[in-house]
Structures are given as C-alpha cells and as structure tokens.
Amino acid sequence: MIARKIIGTLIIVLIGLPILFGIIWAVGLVSATVSAEFLSELPRRIISEIPDKADEIFRIAQDEAEIADPETRAWFQAAAKTGISPRELMAKTGLLDWMQGELTDSLRSIGGMLRGEERLRSISLNFRPLKQALLHPEMDRFLEETLKNLPPCDEAGLKRWQELALSGGAGHKLPACIPDAAVAKDVLLSARNRAVSRMDDEVPFFEDVRPLPIFRMGISRPVTMLSYALFLIPALFIFVGALIAASSRAGLLRWSGFSVMAGSLPVLVLAFVIKRLSLWAITGGPFAWRGPWTSELGDLVLVKLRWIPMRIVDQLFSPVIQVAAVVAVVGVVLVALSYSMRRAPAAPTAR
C-alpha cells in the first residue's frame, strides 16, 4: 500500500504537475496572443492615437517645467518655430493617410480573419508608404527649417558634431547648435537613410495560407480549442498516479483533485503577482528611478503612452489567471465530490 502511494505520488509530482503548470501558462498565453483584440484592435487604437499624442509630446517637450535638459528642449523649440506640428508633417508626407487608411484596413482584415468574419487569405503589412514618408521632401524641408532655428556652435559643439559625423549619427546625443547647415543635414539624413534601408518593405502576417475547414470559424477559436486539448496530457498522468495511489473511488477523486489544485494554484498566484508587479512598474516604478539609462524625453513618451504596455500586460496575463482559476475550481470540485462520496449514506439492504 505504501509502495503504491509512493509510486503514484512520484508520477504526479515529477510528471503530472510540471506538465500541468506549463500547459496552463501555454493555454493562457496562446489564447491571449491569437486574439483579435491583441493582434488587431490594440494596434488600431495605437495608430489612431499617435497623431494626437505626438502633438502633445511635441508641445510639452518645449516646457522647461517638463524637460529640464536645455539641449532636448532647444531642439523641440527650434522645430516648433517652423510652424509645422507633427500631425501636419504626417499629413504632408502621406504618413497620416497610410496609417488611417491602408494600415488600419489591413489590421481590420486581420481581426476579421481571426474572428472568422472574413475569408482566410495571405496578407502582409505594407511598409513602403512609411519608408516613402520618411524620405519625403517635406521631411527634408522640415529638418532644414529646424536646423536654421538653432544657434551657432561653440568649440565643444563643433567637436560633438565631428564625432557624430565620424560615427554616422549613432551613439551620440545631438548637440543643440548648428556648425554648418550642410554638414548637419548630411549627418542627420545619412542616419535616416540607413535606418530606412534596414526596414522591410512588407511584413507577412498570414503567408501561404491553406484554409482548412476548421478555420472557417476563424483562427482564434480553433487554436484556443486545440490548446485546451493539451490538458489531456497532464490529466492522463495525474489520473494514472491517483489510480495507483488511491484505494477507493473517493480516494481517486481526492488524489486527482488535490493534484489539480497543486498544479494550478501556484500558476494563479504567480501570474497574478507578475501582472500586478508589471502594472506597478509601468505606472510608477521605473519612472521614479533616475539614472544614466533614462531620459526626460523617454520618460515623457512612456508616460503619455503607458496605457499601451498596460493593456499588453493585462491582455497577456489575464487569460493565464482565468485558465488557472478554472483549473483550480475543477480541483476543488473533485475534492468536494470525493468527500460527498465518502459521506454518502449506505443504501438500505433488502430483507
């Protein structure tokens, strides 16, 4: 009897519980990352807010009360003197039309295919208009006008521009002065051109798609359903271990129930703690820590856009918490059934 319990416990602890732990995480993350909200709705909302947030950041970055670094503030003030806001620049270069038109439509189609509202087909995100917008003459004109509004460089500023020219515009902070308009423009445009050349023309989202019958209801639902089928693997090992260790049907339910709870409750607690810590870090933690790795402008951008990582964290960890909670409830039900079976009154014997 003791040997059976030891063997059953080893099967459950060494095989069943680790697999259950991993599959709860996998199922929760899969259901989160293949959802239309995560892959389509969230990016569309981000795109819709970019122009307004860019104008807001552009305006705040000129305020000494918000940005103490004089060089960062000087660059934004010089750009503001051109009379062109970020939204206007996006409109002139065609970037705004692409974001609100083709890109948004592609993301809407991706969401429809994930939900089964549109036929599954190959689709790619076209980034050629983005590259064209970054190379647009209006972008060059905006840069030239901004440079004209900067003061001339002193000896230290000239040295920093020389270092920028040698490094190709990388690894150095832009000095808020102008040594020579042609030199400065050449350094900045060269850095921009290199960055654009590294960008892909297209990013495939669905490629070489073969619409199987199961995907007629979309992608999110079938993939999530298939991921739930993985629970059969730890269920099998837990059942075999409980079957070996238990000496009755009530014992089988009790061993199974406590094992399921032992595999799900740690995931529930861990996912909840990670989610709360992540949200705390986004809303207050890192922004209160100052150091050489941070910048006022970076903090400003993160503060204005922190709802994005907050939504991502919530979208990733909430399904894991939900799956772990459901599995834990299953374990509680099994334990409750085991005790109700044990206490059930015996049927009266016929005389």
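All values reported here derive from a predicted model rather than from experimental measurement. Along each chain, the written sequence defines residue order, and numbers are assigned to residues from 1. In keeping with the model being predicted, local features are shown solely for residues with a pLDDT of at least 70 and side-chain atom pairs are shown and tallied solely at 80 or more, while totals for entire chains, interfaces and linings include all residues. Side-chain numbers come from the whole structure's heavy atoms, not from hydrogens or water.

## Considering the overall build of the protein
Helix numbering and strand numbering both begin at the N terminus, where a helix is a DSSP run of H or I of at least 4 residues and a strand a DSSP run of E of at least 2. Summing up its helical and strand segments, the protein has 14 helices and two strands in all. Counting the 351 residues in the protein, one finds 40% classified as buried. For the protein, restricting intrachain contacts to residue pairs at least 6 apart in sequence, the fraction spanning at least 24 positions comes to 79%. The Shrake-Rupley method, run with a 1.4 Å probe, gives the accessible areas here. Residue values count only the displayed protein chains as cover. Of the roughly 19700 Å² of accessible surface on the protein, 63% is carried by carbon and sulfur atoms. Think of it in three bands: residues with accessible area under 20% of the maximum for their type are buried, residues over 50% are exposed, and the middle band is partly exposed, with areas taken using a 1.4 Å probe on protein chains only. For this analysis, residues touch if any pair of their heavy atoms sits within 4.5 Å.

## Quick word on the environment of Lys-53
Looking at the element boundaries, Lys-53 is found in helix 2 (residues 36–60). Remark: the alpha-carbon pair of Lys-53 and Leu-305, spanning 252 residues in sequence, is separated by 7.8 Å.

## With respect to the confidence of the model for the protein
Confidence of the predictor in every single residue is expressed as pLDDT, which spans 0 to 100. Averaged over every residue, the pLDDT of the protein is 83; the share at 70 or more is 89%. The lowest-confidence element of the protein is helix 13 (residues 296–305), averaging 79 in pLDDT; the highest-confidence one is helix 11 (residues 232–245), averaging 93. Note on residues 286–293: pLDDT is under 50 here. Beyond four places in sequence and across chains, it has 11 contacts.

## Side note on the layout of surface pockets
Roughly 1300 Å³ of volume is contained in the largest pocket. Only protein atoms enter the calculation, which uses a 1 Å grid: trapped sets of points that fit a 1.4 Å probe without letting it out are cavities, open sets showing protein on both sides within 12 Å along at least five of seven lines are pockets, and any residue with an atom within 4 Å of a point is a lining residue. Lining the largest pocket are 40 residues, with Phe-58, Phe-76, Leu-89, Met-139 and Phe-142 sitting closest to its centre. Every element with two or more residues in the lining of the largest pocket is listed here: helix 2, helix 3 (70–80), helix 4 (86–93), helix 5 (95–115), helix 6 (128–134), helix 7 (137–148), helix 9 (181–197) and helix 13. The element best represented in the lining of the largest pocket is helix 2, accounting for seven residues. When residues are grouped by polarity, Ala, Val, Leu, Ile, Met, Phe, Trp, Tyr, Cys and Pro land in nonpolar, Asp, Glu, Lys and Arg in charged, and all others, Gly among them, in polar. Looking at side-chain class alone, the lining of the largest pocket contains 29 nonpolar, five polar and six charged residues. What lines the second largest pocket is a set of 13 residues, and nearest its centre among them are Leu-20, Phe-231, Val-260, Val-327 and Val-330. Those elements that provide at least two residues to the lining of the second largest pocket are helix 11, helix 12 (249–283) and helix 14 (307–343). Residues that form the lining of the second largest pocket fall into these classes: 12 nonpolar, one polar and no charged. Grid points are joined across faces, edges and corners, and a volume is the space filled by probe spheres set on the points.

## Remarks on the packing of aromatic side chains
Two rings from Phe, Tyr or Trp (for Trp, the six-membered ring) form a pair when their centres are within 6.5 Å of each other. A pair whose planes differ by under 30 degrees is stacked, one over 60 is edge-to-face, and the rest are tilted. Considering all chains together, one arrives at four aromatic pairs under this definition. A centroid spacing of 6.1 Å and a plane angle of 40° characterise the contact between Tyr-228 and Phe-231, whose relative ring orientation is tilted.

## What about the state of the cysteines?
By definition, a disulfide links the sulfur atoms of two cysteines through a covalent bond. The term disulfide is used for any two cysteine sulfur atoms that are within 2.5 Å. Considering all chains together, one arrives at one disulfide under this definition. The disulfide partner of Cys-153 is Cys-177, and the S-S distance across this bridge is 2.0 Å. The sign of the S-S torsion, about 90°, decides the handedness of the disulfide formed by Cys-153 and Cys-177: right-handed. In this pair, Cys-153 sits in the loop between helix 7 and helix 8 (155–167) while Cys-177 sits in the loop between helix 8 and helix 9, placing the two residues 24 residues apart along the sequence. The exposure class assigned to Cys-153 is buried, which follows from its relative accessible area of 17%. Judged by its relative accessible area of 8%, Cys-177 is buried.

## As for the pattern of salt bridges
When charged atoms on two side chains of opposite charge get close, those side chains can pair. Definition used for salt bridges: Asp or Glu carboxyl oxygen within 4 Å of a side-chain nitrogen of Lys or Arg. For the structure shown, the criterion picks out 14 salt bridges. Across the pair Lys-131 and Asp-201 runs a salt bridge whose closest N-O atoms are separated by 2.8 Å. You can see Lys-131 sitting in helix 6 and its partner Asp-201 sitting in the loop between helix 9 and strand 2 (202–206), a full 70 residues away along the chain. A relative accessible area of 34% means that Asp-201 is categorised as partly exposed. Measuring nitrogen to oxygen at the nearest pair gives 2.9 Å for the salt bridge that ties Lys-275 to Asp-314. Residue Lys-275 is found in helix 12, and its partner Asp-314 is found in helix 14; the two are separated by 39 residues along the sequence. Accessibility expressed as a relative area gives 13% for Lys-275, which makes it buried.

## Side note on helix 7
Taking 1.5 Å as the rise per residue, helix 7 with 12 residues should run 16 Å; its terminal C-alpha atoms sit 17 Å apart, in good agreement. All of the buried residues along helix 7 are Glu-138, Met-139, Asp-140, Phe-142, Leu-143, Thr-146 and Leu-147. Those residues of helix 7 that are buried lie in contact with helix 3, helix 4, helix 6 and helix 9. Multiply 1.5 Å by the residue count of a helix minus one, and that product is the helix's expected span.

## Observations concerning the nonpolar core
Leu-20, Ile-24, Trp-25, Phe-231, Val-267, Val-323 and Val-327 are the most contacted members of the largest nonpolar core, which has 21 residues in total. For Val-323, the residues in contact, after removing those within four places along its chain, are Ile-24, Val-27, Gly-28, Tyr-228 and Phe-231. Here, the term nonpolar core denotes a set of buried Ala, Val, Leu, Ile, Met, Phe, Trp, Tyr and Cys residues that are joined through side-chain atoms within 4.5 Å. Counting 20 residues, the second largest nonpolar core, distinct from the first, contains Ile-47, Leu-96, Met-99 and Leu-114.

## Notes on the environment of Leu-253
Its place among the elements puts Leu-253 in helix 12. If we skip the residues at most four places from it in the chain, Leu-253 touches Leu-334, Val-335, Leu-337, Ser-338 and Met-341.

## Some words on a nonpolar patch on the surface
Only residues whose relative accessible area exceeds 30% and that take part in no salt bridge are eligible for patches, with like-charged residues grouped when within 9 Å of each other and nonpolar side chains (Val, Leu, Ile, Met, Phe, Trp, Tyr) grouped when within 5 Å. Taken together, the side chains of Ile-2, Ile-6, Leu-10, Val-13, Leu-14 and Ile-15 present a nonpolar region at the surface, about 570 Å² in accessible area. Mapped onto the secondary structure, Ile-6 falls in helix 1 (residues 2–33).

## Some words on helix 5
With 21 residues, helix 5 should cover 30 Å at 1.5 Å per step; its first-to-last C-alpha distance of 28 Å lies within 8% of that length. Take the seven residues that end at a residue and the seven that start at it, fit an axis to each, and the angle between those axes is the bend at that residue. Bending of helix 5 peaks at approximately 35° at the position of Thr-104. Across the 21 residues that make up helix 5, a large majority, 15, are buried. Residue Gly-116 follows helix 5 closely and has a positive phi angle near 85°.

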